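Structure assessment
Residues per chain are reported as follows:
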Amino acid sequence: MHHLTLLNKLEHFDSPINSEKKGDEVIASVHWLCRCRFNTYKIAKASYDRKLIIEFCYSEELRSSEFWTDCLAPLASPSIPLGGEAPESLEDKKNNVCHYRTTLDSVCYGIGNFSSSVTSRYQLALLFLLLETLQISRDGCRFFDPLFTEWEKTFLKDCGMVVLKENEEGKRSIDKPTLFYMIHCGKALYNNLLWKNWSPQKLAQTILIGNSFKGMEERLPARVLQRDYTYINHILTITEEAAFPCSSRYMDVFNDTAIHQFPRKKLDAKPTEFWEGAAEPTYQECEDLEIIQKGIECFSVS
């Protein structure tokens, strides 16, 4: 049985999967998938684990999709610091992308409740593929979402990831090349990230996968963008943005998503005063902040 059949079945399991709901057909699908690409993993004959499903099955569907093939194109483009010409074949794209520096860190904000949301599972699965393809160590990947359940935190830790304990509100300063994975996050989170790294040295090392800045500019009134999201507004003319490919199957999962880069030449072209006096955003006049701020309690469930 093809693993997509299994994925369709999984959409009915939004709560922890009861072993009584299993069935030989579903178990056989898990074993079939693991024999194809993950034969080094031991799977108990009577075990049906959500961890296996989220980490492997969703990633495998994406890996075999045209969507993933098209996602590799901007990652291998000259705007990404990989060097070389943009490759044409999928294999060339993979080979080119694999020249990424192994020192690249990754931070994921706002992935959502992937234990119950199919959309979040696909977003997490794509991140797994990116970490693998860009050769980013999992222990160099940090996660935070104020809504994470205890099960989700444990799952990420079991996968080798780091779960941050504190709500940074996106205010993470970097000192090395870092991929920020922030799909469908609030605008304030992107704005905070830019503010915390408001220098040519830091922004040049930033790769941001998240909501399109161009889309924000088109949808927001100019006065709101300038008042509430000053750093997004300032960086628009510098940003090089590559939109994610359109896909009818993943429209709700990756819509309005783009890869953002901040080329060093454009950053250095700005006068010194452009970078001076960067005040921390307060959002006092913002009517809809779209993020959960530090100090606001969120009760985690198991």
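Predicted model only: the values in this text are computed from it and were never measured. (Residues numbered from 1 in each chain as written. Predicted model: local features only at pLDDT ≥ 70, side-chain atom pairs only at ≥ 80, totals over all residues. Heavy atoms only, no water.)

**Examining the side chain of Asn 197**
With respect to the element layout, Asn 197 can be found in the loop between α8 (187–196) and α9 (200–203). Polar contacts involving the side chain of Asn 197 include one to the main-chain amide nitrogen of Ile 174, which spans 2.9 Å. At 3.0 Å, the side chain of Asn 197 forms a polar contact with the backbone oxygen of Leu 193. Contacts of Asn 197, omitting those with residues within four sequence positions, involve Arg 172, Ser 173, Ile 174, Lys 202 and Leu 203. (Helix = DSSP H or I, 4+ residues; strand = E, 2+ residues; numbered from the N terminus. Polar contact = N/O pair within 3.5 Å; in protein donor to acceptor, adjacent residues only side chain to side chain. Contact = heavy atoms within 4.5 Å.)

**A word on the pattern of salt bridges**
Counted according to the given criterion, the structure contains 14 salt bridges. Notably, a salt bridge pairs Asp 256 with Arg 219, separated by 2.8 Å at the nearest N-O pair. Here Arg 219 lies in helix α10 (residues 213–219) and Asp 256 lies in the loop between α13 (251–254) and β7 (257–261), a separation of 37 residues in the sequence. The class of Asp 256 is partly exposed, set by a relative accessible area of 28%. (Salt bridge = Lys/Arg side-chain N within 4 Å of Asp/Glu carboxyl O. Buried < 20%, exposed > 50% of the residue type's maximum accessible area, 1.4 Å probe, protein only.)

**Concerning the nonpolar core**
Judged by nonpolar contacts, the single largest core of 40 residues is most densely connected at Leu 62, Leu 126, Phe 143, Leu 156, Tyr 181 and Phe 254. Listing elements by their share of this core, those giving two or more residues are α3 (50–63), α4 (66–75), α6 (118–133), β2 (141–144), α7 (150–158), β4 (178–182), β5 (206–211) and α13. If you tally residues by element for this core, the top one is α6, at nine residues. Leaving out residues up to four positions away in the same chain, Phe 254 has contacts with Leu 62, Phe 67, Tyr 122, Gln 123, Leu 126, Tyr 181, Ile 183, His 184 and Phe 244. (Core = buried A, V, L, I, M, F, W, Y, C linked by side-chain atoms within 4.5 Å.)

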